[in-house]
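Letter by letter, the chains look like this.
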Amino acid sequence: MTRLVIDPVTRVGGPLRVELDVQGGVVTDAWVAATMFRGLERTLIGRDPRDAWLMAQRVCGSCNGVHGLASVRAVEQALGIRIPANARLVRNLAAGAQLVTSHVTGFYRRQLPDWADLVAGATADPTAASELARSIGDSPASSASYFEVVRGRLAALVDSGQPGIFAPGTPGGGSRLTPAASLVVGAHSIEALEWRRSMTRLQTFLGGKSPHPQTLLVGGTALTPPWGGPVLATGEHPRRPQSSAPGALSERGLVALQSLIDGARDFVEGVYLPDVLYLADAYRDATEVGRGLGNLLAYGEFPEDDSDAPRLLLPRGRLMDGDLRTVDQVEEAGIAEAIGHAHYDGESGLVHPSDGRTEPRYHGPRPPVTSLEGAERYSWAKAPRYWDDPMEVGPAARIAVALATNGEPALIIRRVLADLGIAPEALGTTFGRIVAGAIEARLVVDRLAGWLAELRANLAAGDLAFADISAWNPDRWPVEAEGWSLAESPGGALGHWLRIRDRRIAAYQVIDGSTWNLSPRDDRGRRGALEEALVGTPVPDLAAPVDVLRTIHAFDPCPACAVH
Amino acid sequence: MIRPEDGLYAALTRRGMTRRAFLKFGAAMTAALALPATYAPRITAAIERAPRLPVIWLRGQACGGDTEAFLAAAGPSVGELLLDLLSVEYHETLMGTSGEAATAVVTSLADRYPDGYFAVVEGAIPTADDGMACTLGGRPFRDVVREVCNGALATIAVGACAFDGGTPASSGGATGSVGVADVAPDARLVSLPGCPMNVENLTATIAHYLAFDELPATDSRHRPYFAYGGLIHNLCERRAHFEFGEFVLAWGDEGAQKGWCLYKLGCKGPETFANCATVQYASGTSWNVKAGQGCIGCTMRRFWDAMGPAHARLPSTIPFAPTITADQIGLALVGGVAALTAVHGSATYARELRNKVVARRRAAAAGRVSADQLQDDPAPGATEPKAPEPAPSEPTPTEFAPTEPDAIDPAATDPAPADPRP
């Protein structure tokens, strides 16, 4: 038996170490260790609950704003605030665009280098690339001359001897793509960087800056329409400050948002989804690798109405033991965390997050750390469990739950899976997780325009309410209040729990999607989602554990989120 | 690996950049650096010949927001090009290789990059308990930072956490987190605080280095003057409303819709040094004050504790002296009695400072100052006698002042705006 250590695992959202026992070319056991701790659950204590989202969203700068939203919702629940419809729509737009951006970026920046040798595109025939691009997707830029330009750029990169971030992920990783296909996805990977900047622009319109948008507000959003609404005269009050770009909710701003959303949809439908499906076809056997726990959990996201239990675009639910037909309910009371294998002090056993504490103390081996073998406590991530069971969360869980719930999104999901010729069971595998992300991006990007249209209709009808501030004054708060929110970050099921006492935060706990997926063992010794998925992965060459890295990246994990 | 003849301009044109766009870039960088326009040709010429810089990007106790900002670099569309042209050699979120193949880059820097490299550090550095709250390849991140930064041509600390420990170092933190300056005091350092940093400032800092072979002039905490030399308040688009006494009193009220001043809802623009108001984000798309929520002071030292709570005004305001510097304000906010001295002394100090700037500008306009001289004559403050340093300003976790009901009680004003339509 050989111990294989990968530290750092790159192309993930923070410091991550993976240790594997390999026997006979197959992984027999796995340990996933997040190696960085910051302590935001501690630094939040004592602060004004109305400010909590500002610090809470610093949990993650990649899935930007999502933690802020979860925090604001938890405070609103604690104080009994209901936000206006316009605020819900603005929040959906920002969070939806963020989910789409995360999936696209995750694929082209973090996952694709495992499957395609991008510099191989430098030797491709541009005409062949053009024909291939036209056959698989619907990108406006797919002429032979376009690919010739990109090929020239890649060749220059290779010539310079410094391919930088385009260097192959695993030398000798055995990409199956032809040079022409490498050129096509390589060109799209460069386009994705450009496209991403337009999504940053969208987030900056809605949030003032990106990452870490600053327009969230306990009670709604700080974005306000121009005086009198966007339709008044030319749309702008004469004394509103003038600058080069319009305000998000002015008439010009809404038009700009619309065109950014159109651009997002074109890219997802014409480039990203076709690329994923093309790769899924080329790597059909990768839907056999990385099968995980079979327990899938989704809190659901994107409220579609303003009731107490709104309909969700991506539904809430849970699927157990590989049964993809019976959707179980999700109860907040069933969520708990264990710290028996993590670097914390505290009581053993499962603790509900409303009673959770964060008392860090490093228990592992001292540097230089060569192996975690024999280390009882090995990760900074806690081990979340649902009624005692480890769960996998993220796009695969959300898509499987949406399919089983058989709502509107199920139609599209079923069609994509049928086109690919893979069974729903394949969603919980290495390439299945990547496909699930692409399907989900497609579902959400389609809905963005709808939310914007509803927002415009409300504004046109004279509804200018974007915040309910009736509970803003702390004099009206109860002495003690508890709140929580269950939602989705791009990485998976996300919950924030907090207690307010005497106008301050008295307790704060976060369980992120990556906490579930990167979970270490629990007190009963059961592995977390990624650990379980890694067991059984083939490792023919210890120097190039290609399938291991592919499986890790397919989760698109964020250790920074997981530990916070 | 790096060919000296392979200058930035050559690389950019090979990637399809036009001469015109390149000149525009030079001009924009000149403006960002607050240099007279007469410097534009000089900057453009220098950048044209500059060799590609290898960059080692380290990430510690970070949320990844600065990487996110970096990837969104908009520049005049060259941010992304710079991404490649800088030849990012090590960046855990972006690089292909994992494990030992990756760490081999940072353990053999001197061999790999005989002509030097730039280090960029994102995130705080834990020091408590041997720094085990953040490890890389089994080693404390602190040791990696020390090695990499001490050997670098220059180190750029991006974001609030790399500046002074930021979020993990705020009140309640348990990891003894500090910024780069405390871990690698000998490194040639530029700090770009902010949460996250504004990527335009990173681009401008690098452009300055390429053009002048020198880092831009900074204050005592390594913040470049071009970006952190002025108060947000002084160039804020809502400033006129402050002067007229037109304030947003409640979220979404008439004032909010008319874009009035956010000071009474806790905006820290009057106390915060940064160029957000002029540079903005995503090519001037917006910034937080424009979008409707006040500044939280994220470029300032210990901002979570010193500048909070976000929605209440700070107890005392800073005099709006146009040339007061961030060094002095740091004092004013945390230094108690020392603050009074600093503010008092600043009037004289500010005058001297202004005279120097004027003299320099005149000289520059007359074309008598070379880029070298510009550097030899350090920007005001770099060698000036400092206003008294604060007693080692360990964070004084500010007691949160009770919020002022008068400022934010919606009952005090009618939140529903009158309908201006006929």
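Predicted model, so just to flag it, every value in this text is computed and none were measured.

**Observations concerning the overall build of chain A**
Part 1: Helix and strand counts for chain A come out as 15 helices and 16 strands.
Part 2: Against the 2.2 N^0.38 benchmark of 24 Å for 564 residues, chain A shows a C-alpha radius of gyration of 24 Å, consistent with a compact globule.
Part 3: A burial count over chain A gives 63% of its 564 residues as buried.

**What about the overall build of chain B?**
Part 1: Within chain B, the secondary structure is distributed over 21 helices and 9 strands.
Part 2: Scored against the burial criterion, the 422 residues of chain B give a buried share of 60%.
Part 3: Sequence-distant contacts, at least 24 apart, represent 75% of the contacts inside chain B between residues at least 6 apart.

**Description of the nonpolar core**
Part 1: Counting residues in hydrophobic clusters, the biggest one holds 296 residues, and the most contacted among them are V145 and V180 of chain B.
Part 2: Looking at this core, the element that brings in the most residues is helix α11 (residues 430–460) of chain A, giving 14 residues.
Part 3: Split by domain, the residues of this core number at least three in each of domain 1 (8–228) and domain 2 (232–317 + 399–412) of chain B.
Part 4: Residue contacts for V145 of chain B: discarding those within four places in its chain leaves L58, V121, I125, V180, V183 and A184 of chain B.

**Here we look at the sheet that holds strand β15 (residues 492–501) of chain A**
All names here are of chain A.
Part 1: Judged by pairing direction, the sheet is antiparallel, and its 3 strands sit side by side in the order β14-β15-β16 without closing on themselves. Strands with a single pairing partner mark the edges of an open sheet, and in this sheet they are β14 (480–489) and β16 (504–511). In this sheet, neighbouring strand axes are inclined to one another by 15° on average, regardless of whether the strands run parallel or antiparallel.
Part 2: Here 7 bridges tie β15 to β16, and the two strands are oriented antiparallel to one another. Opposite W497, over in β16, you have Q509 as the bridge partner.
Part 3: Its contacts with the sheet place helix α3 (residues 66–79) against β14 and β15, and it is angled at close to 145° to β14.

**Observations concerning helix α10 (residues 409–420) of chain A**
Residue and element names in this part refer to chain A.
Part 1: With 12 residues, α10 should cover 16 Å at 1.5 Å per step; its first-to-last C-alpha distance of 17 Å lies within 8% of that length.
Part 2: Looking only at α10, the buried set comprises P409, I413, V416 and L417. Taken end-on, α10 shows its buried residues confined to a sector of 95°, consistent with a single buried face. Projecting away from the buried face of α10 at angles above 90 degrees are the exposed residues L411, R415, A418 and D419.
Part 3: Where α10 is buried, its residues touch α9 (395–405) and α11.

**As for the pairing of β15 of chain A**
All names here are of chain A.
Part 1: Most of β15 sits inside the fold, with 9 of its 10 residues counted as buried.
Part 2: Pairing between β14 and β15: 10 bridges, direction antiparallel. Across the sheet, G483 pairs through a bridge with L498, a residue of β15.
Part 3: The loop that links β14 with its antiparallel partner β15 comprises 2 residues.

**As for the packing of helix α6 (residues 144–159) of chain A against helix α7 (residues 179–207) of chain A**
For any two helices packed against each other, one specifies the crossing angle of their axes together with the interaxial distance.
All names here are of chain A.
Part 1: Where α6 contacts α7, the two axes come as close as 10 Å, and the packing angle between them is 85°. Taken together, the axes of α6 and α7 are roughly perpendicular relative to one another. Counted together, F147, V150, R151 and L154 of α6 and L183, G186, A187 and I190 of α7 form the full contact between these two elements.
Part 2: Among the residues making up the contact of α6 with α7, the classes are represented as 6 nonpolar, 1 polar and 1 charged.

**As for the sheet that holds strand β7 (residues 154–158) of chain B**
All names here are of chain B.
Part 1: Spatially, β2-β1-β3-β7-β9 is the arrangement adopted by the 5 strands of the open sheet, whose pairing is parallel. Where the open sheet ends on each side, the last strands, each with one partner, are β2 (88–91) and β9 (189–192). Between one strand and the next, the sheet's axes are offset by a mean angle of 15°, whatever the strand orientation.
Part 2: Examined bridge by bridge, strand β1 (residues 55–59) and strand β3 (residues 118–122) share 5 bridges and lie parallel to one another. Paired with L58 across the bridge in β3 is V121.

**Focus: the interface of chain A and chain B**
Part 1: Contacts between the two partners involve 96 residues from chain A, matched on the other side by 85 residues from chain B.
Part 2: Residues of the side of chain A that touches chain B, tallied by class, amount to 44 nonpolar, 32 polar and 20 charged.

**Topic: unusual backbone geometry**
Part 1: Between S210 of chain A and the following residue, P211 of chain A, the backbone shows a cis peptide bond with an omega angle of 0°.
Part 2: Note that P211 of chain A resides in the loop between α7 and β4 (216–217).
Part 3: Look at the link from C195 of chain B to P196 of chain B: it is a cis peptide, with omega at -5°.
Part 4: Tracing the sequence through the fold places P196 of chain B in the loop between β9 and α11 (199–212).
Part 5: Positive phi outside glycine occurs at W387 of chain A, with the angle close to 40°.
Part 6: By the element assignment, W387 of chain A lies in the loop between β13 (383–386) and α9.
Part 7: A positive phi angle, close to 45°, is found at D556 of chain A, a residue other than glycine.
Part 8: Given 30 C-beta atoms within a 10 Å radius, D556 of chain A is considered buried.

**A few points about the environment of R239 of chain B**
Part 1: Its location among the elements puts R239 of chain B in helix α13 (residues 239–244).
Part 2: For the pair R239 of chain B and L262 of chain B, spaced 23 residues apart in the sequence, the C-alpha separation amounts to 9.6 Å.

**With respect to the confidence of the model for chain B**
Residue and element names in this part refer to chain B.
Part 1: Summary statistics for chain B give a mean pLDDT of 76 and a share of 66% for residues scoring 70 or more.
Part 2: Element-level pLDDT for chain B is lowest in helix α20 (residues 371–376), with a mean of 35, against a maximum mean of 98 in strand β4 (residues 125–126).
Part 3: Scored below 50 in pLDDT, residues 331–351 makes 36 contacts in the model with residues more than four places away or belonging to other chains.
Part 4: Here residues 364–422 is a poorly scored stretch, pLDDT under 50, and it has 100 contacts once near neighbours within four places are set aside; other chains count.
Part 5: For this predicted complex, the interface confidence reaches an ipTM of 0.94, while the overall pTM sits at 0.87.

**A closer look at the packing of α9 of chain A against α10 of chain A**
Residue and element names in this part refer to chain A.
Part 1: Running from N to C, α9 and α10 point in directions that differ by 110°, and their axes come no closer than 8 Å. The orientation of α9 with respect to α10, classified from their angle, is roughly perpendicular. Judged by the sense of rotation from one axis to the other, the crossing of α9 with α10 is left-handed. Only P409, A410, I413 and R414 of α10 make contact with α9, whose side of the interface consists of I399, A402 and L403.

**Comments concerning helix α6 (residues 99–107) of chain B**
Part 1: Along α6 of chain B, the positions that sit buried rather than exposed are G99, A102, T103 and V106 of chain B. Seen from one end, α6 of chain B has its buried residues packed into an arc of 90°, which puts them on one side.
Part 2: The secondary structure elements touched by the buried residues of α6 of chain B are β1 (2–6) of chain A together with β1, β2, α7 (109–112) and α8 (141–150) of chain B.

**Quick word on the environment of R88 of chain A**
All names here are of chain A.
Part 1: Its location among the elements puts R88 in helix α4 (residues 85–111).
Part 2: Taking C-alpha positions, R88 is 28 Å from Y386, a pair spaced 298 residues apart along the chain.
Part 3: Once residues lying within four places of it in the same chain are set aside, the contact partners of R88 are I83, P303 and D306.

Calculation criteria
Residues numbered from 1 in each chain as written. Chains lettered and ligands numbered in written order. Predicted model: local features only at pLDDT ≥ 70, side-chain atom pairs only at ≥ 80, totals over all residues. Helix = DSSP H or I, 4+ residues; strand = E, 2+ residues; numbered from the N terminus. Rg over C-alpha atoms; globule rule 2.2 N^0.38 Å. Buried ≥ 20, exposed ≤ 12 C-beta atoms within 10 Å, placed from the backbone. Contact = placed C-beta atoms within 7 Å. Core = buried A, V, L, I, M, F, W, Y, C linked by C-beta atoms within 7 Å. Domains from an automatic or database assignment. Pairing = 2+ DSSP bridges. Axes fitted to C-alpha atoms, helices over the stretch in contact; angles between N-to-C directions. Expected span 1.5 Å × (residues − 1). Arc of directions from axis to C-beta. Parallel < 35°, antiparallel > 145°, perpendicular 65-115°, else oblique. Nonpolar A, V, L, I, M, F, W, Y, C, P; charged D, E, K, R; others polar. pLDDT = per-residue confidence, 0-100. Left-handed = near helix turned anticlockwise from the far one by under 90°.

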